[in-house]
Amino acid sequence: MLQFPKDFLWGAATSAPQSEGAASKDGKSPTTWDKWFEMEPELFYDQVGPENTSNVYALYKEEVANMKAMKLNSYRTSIAWARLLPDGKTLNPKAVTFYRSYFQELVANGIEPIINLFHFDMPWWLMEKGGWEVRESTDHFANYASVAFEQFGDIVKKWVTFNEPLVHIECGYYGDAHWPKVRDFKRALQVGYHTMLAHAKAVEAFRLSRYNDGKIGIILNLSPVYPKSDSQEDVEAAKWADHIYIRSFLDCAVKGYFSEEFVQKLKASDLSPETNEGDKTIFKNNTVDFIGCNYYQPLRVQAVSEEKKVETINGPHDLFQGYDWPQKRVNPHRGWEIYPRGIYDIAMRLKNDYEEIPWYISENGMGVSQEESFEDADGIIQDDYRITFIQDHLEELHRAISEGANCFGYHLWTFSDCWSWLNAFKNRYGFYRVDLANDYKRTPKKSSFWMSEVIERNGFEK
Ligand code: BG6
């Protein structure tokens, strides 16, 4: 029997833009997702946009009742900035009523809310000013954070500033999966710098708020980096990948500074972001209480080939390149490697290099397409693959905890199937099936019954 620590948080996660729906209702202003869908609906799977996510705005009471039935003791979602402060300044009373009622419903049912402030959903009014590229965004965010703490801090005791800041930076400024889909490493670094500054300013606002008896953290996608081989070149490549993908966020959030080696590396290539005097103090004074770790897959890298080596760098591709490990186990629906051991490795890293900071698995999960084909005669999806996936990851997590990892919970992505950005409802991740053709009807999957037993016993038989 693998037994988890007392008071372990068992739950699931989603975000406002992926679950609420009602994207243009009750005073919410548009985000980049709403506008982008208006401009290029054909880019979204089956042309399903952010208006039609899993309708939690209307169904939250039923959703919470299902969570209770499954015995969850915690749940993470986010507040939509554009719903709470549609123009960045004016409080929307309908948003306050909705979120207060939603969060109270969770608490009343014994489910601790963990509330995030930004999950890729940049308000359009701020995007028009330049989004995270402009320094003023950091003060707008800090103001929004203060309003959220003031309005909901009596109910919410665990806060998160950002979900996976790497993703809106990389996909929006070094790729094309997020708006504004530009490809410019220098701009990406400025966006990253402002994001982390906005984060630190929000932590500061929390400490100064009336309800500062709770805890505040940040959620990072911590994919451990593995070099192709032990050669000096591959190990060096992995070091830089780790600097970019992990340390630039984790060092800053937990230790309050960026690694000098990385700062110098950027400087040598004229890539340093613009900073102000005084920023270092803001970072130093506003470190987090906990980390949320989203873990899906590792990052495998190798050195760039000899002929591609350059003196000054233009992007991550000048420091390392991806490596396809031939033995990898893959989720064919999403194309992501399945490597449970990664959870153990990242847990040990947090224990050994980050002062045993408390942390939890804030996302882990498996997206599967055409899941209806796994339905049995009673209409229950037999998602044994998901049960195996969770169990394999929990075994590694348990091993890490028994070796001293300071982990306080495990959340699956997600509770009810939700909308996944450009992929919309292509891949389903939930404990509950959502039937889009039938008024968003929820049906528990086999994994929800399995997980419910795990929660009840606070562990499982190996
Ligand atoms: C995480 C994000 O990266 O992965 C979620 O926090 C996202 O927003 C989840 O939905 C699953 O990824 P995807 O791209 O399949 O939706």
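Values in this document were obtained by computation on a predicted structure and should not be read as measured data.

**As for the overall build of the protein chain**
In step 1: Each helix and strand counted, the protein chain has 15 helices and 19 strands in total.
In step 2: C-alpha atoms of the protein chain, sized along the principal axes, occupy 60 × 55 × 45 Å.
In step 3: For the protein chain, buried positions account for 61% of its 462 residues.
In step 4: Long-range contacts, defined as pairs at least 24 residues apart, comprise 77% of the intrachain contacts of the protein chain with a sequence gap of at least 6.
In step 5: Total accessible area on the protein chain stands at roughly 18300 Å², and carbon and sulfur atoms take up 48% of it.
In step 6: Mean positive and mean negative side-chain charge positions of the protein chain (52 and 68 charges, respectively) differ by 2 Å.

**Brief notes about the site of the ligand**
In step 1: Near the ligand lie 14 residues; those nearest to it are Gln18, Glu164, Arg334, Ser420 and Tyr429.
In step 2: One of the side-chain nitrogen or oxygen atoms of glutamate 363 is found 2.9 Å away from an oxygen atom of the ligand.
In step 3: Burial of the ligand by the surrounding chains reaches 91%, relative to a free accessible area of 380 Å².
In step 4: Classifying every residue of the shell around the ligand by side-chain character gives six nonpolar, five polar and three charged.

**Quick notes on the pairing of strand 13 (residues 359-363)**
In step 1: For strand 13, the buried fraction is high: five of the five residues fall into the buried class.
In step 2: Inspection of the sheet shows strand 8 (residues 290-294) paired to strand 13 by four bridges, in the parallel sense. Following the sheet pairing, asparagine 294 is matched in strand 13 by glutamate 363.
In step 3: As paired strands, strand 13 and strand 15 (residues 407-413) are joined by two bridges and run parallel to one another. Bridge assignment links tryptophan 359 to a residue of strand 15, and that residue is cysteine 407.

**Some remarks on the nonpolar core**
In step 1: Ranked by size, the top nonpolar core spans 127 residues in total, and within it Ile79, Trp159 and Leu397 carry the most contacts.
In step 2: No other element matches the 13 residues that helix 9 (residues 185-208) contributes to this core.
In step 3: Each residue touching leucine 397, except ones within four places of it in the same chain, is listed here: Phe4, Phe8, Ile343, Trp359, Ile361, Cys407, Gly409 and Tyr410.
In step 4: Trp33, Trp36, Val167 and Trp419 belong to the second-largest nonpolar core, a separate cluster that totals 11 residues.

**What to know about the sheet that holds strand 13**
In step 1: The strand order around the closed barrel formed by eight strands is 2-3-4-5-6-8-13-15, and the pairing between neighbours is parallel. Recorded for the sheet is a direction-independent mean angle of 25° between the axes of neighbouring strands.
In step 2: Relative to strand 6 (residues 215-221), helix 9 is tilted by about 160°, and along the sheet it contacts strand 5 (158-163) and strand 6.

**Section: helix 15 (residues 446-457)**
In step 1: Helix length check: helix 15, at 12 residues, gives a terminal C-alpha distance of 17 Å against a target of 16 Å (1.5 Å per residue), a fit within 8%.
In step 2: Of all the positions in helix 15, only Ser447, Ser448, Trp450, Met451, Ser452, Val454 and Ile455 are classed as buried.
In step 3: A positive backbone phi angle near 55° is found at asparagine 458, which sits one or two residues after helix 15.

**Side note on helix 10 (residues 232-255)**
In step 1: Between its first and last C-alpha atoms helix 10 spans 28 Å; for 24 residues at 1.5 Å apiece the expected length is 34 Å, and the helix comes up short by more than 12%.
In step 2: Residue arginine 247 marks the point of greatest curvature in helix 10, where the axis turns by about 50°.
In step 3: Where helix 10 ends, the next residue or the one after it, glycine 256, has phi of about 85°, a positive value.

**Concerning the packing of helix 7 (residues 136-152) against helix 9**
In step 1: Taken N-terminus to C-terminus, the directions of helix 7 and helix 9 make an angle of 35°; their axes are 8 Å apart at the nearest point. Of the two possible hands of crossing, helix 7 and helix 9 adopt the one that is right-handed. Residue-level inspection shows Ser137, Thr138, Asp139, Phe141, Ala142, Ala145, Ser146 and Phe149 of helix 7 in contact with helix 9, the latter providing His194, Leu197, Ala198, Lys201, Ala202, Ala205 and Phe206.
In step 2: Here the residues of the contact of helix 7 with helix 9 sort into nine nonpolar, four polar and two charged.

**A closer look at the environment of alanine 23**
In step 1: Its location among the elements puts alanine 23 in the loop between helix 1 (16-19) and helix 2 (32-39).
In step 2: Overall, alanine 23 belongs to the buried group, its relative accessible area being 7%.
In step 3: Sequence separation between alanine 23 and alanine 80 is 57 residues, and the spatial gap between their C-alpha atoms is 9.5 Å.
In step 4: With near-sequence residues (within four places) excluded, alanine 23 lies in contact with Lys28, Ser29, Asp34, Pro50 and Glu51.

**Examining the packing of aromatic side chains**
In step 1: A complete count under the given rule lists 51 aromatic pairs for this structure.
In step 2: With 6.4 Å between their ring centres and 85° between their planes, tyrosine 75 and phenylalanine 415 make a pair best called edge-to-face. Placement of tyrosine 75 in strand 3 (residues 74-78) and of phenylalanine 415 in the loop between strand 15 and strand 16 (427-428) is noted, with a sequence separation of 340 residues between them. Comparing tyrosine 75 with phenylalanine 415 shows no difference in burial state: the two are buried.
In step 3: A centroid spacing of 5.8 Å and a plane angle of 75° characterise the contact between phenylalanine 290 and phenylalanine 408, whose relative ring orientation is edge-to-face. Of this pair, phenylalanine 290 sits in strand 8 while phenylalanine 408 sits in strand 15, and the two are 118 residues apart along the sequence. Taken individually, phenylalanine 290 and phenylalanine 408 each receive the classification buried, so the pair is uniform in this respect.
In step 4: Ring pairing ties together the aromatic residues Trp33, Trp36, Phe37, Phe44, Phe120, Trp124, Trp179, Trp419 and Trp421, which thus form one cluster.
In step 5: Here arginine 183 stacks its cationic end above the ring of tyrosine 174, 5.4 Å away from the centre of that ring.

**Brief notes about the pairing of strand 8**
In step 1: Of all five residues in strand 8, five are buried; the element is thus mostly enclosed.
In step 2: In terms of strand pairing, strand 6 meets strand 8 through five bridges, oriented parallel. Paired with asparagine 221 across the two strands is asparagine 294, which belongs to strand 8.

Conventions we followed
Residues numbered from 1 in each chain as written. Predicted model: local features only at pLDDT ≥ 70, side-chain atom pairs only at ≥ 80, totals over all residues. Heavy atoms only, no water. Helix = DSSP H or I, 4+ residues; strand = E, 2+ residues; numbered from the N terminus. Buried < 20%, exposed > 50% of the residue type's maximum accessible area, 1.4 Å probe, protein only. Contact = heavy atoms within 4.5 Å. Areas by Shrake-Rupley, 256 points an atom, 1.4 Å probe, with all protein chains shown as cover. Lys, Arg positive; Asp, Glu negative; His and termini not counted. Charge placed at Lys NZ, Arg CZ, Asp CG, Glu CD. Near = heavy atom within 4 Å. Polar contact = N/O pair within 3.5 Å; in protein donor to acceptor, adjacent residues only side chain to side chain. Nonpolar A, V, L, I, M, F, W, Y, C, P; charged D, E, K, R; others polar. Pairing = 2+ DSSP bridges. Core = buried A, V, L, I, M, F, W, Y, C linked by side-chain atoms within 4.5 Å. Axes fitted to C-alpha atoms, helices over the stretch in contact; angles between N-to-C directions. Expected span 1.5 Å × (residues − 1). Bend = angle between axes of the 7 residues up to and from the residue. Left-handed = near helix turned anticlockwise from the far one by under 90°. Phe/Tyr/Trp six-rings, centres within 6.5 Å; stacked < 30°, edge-to-face > 60°. Lys NZ or Arg CZ within 6 Å of the ring centre and 35° of its normal.

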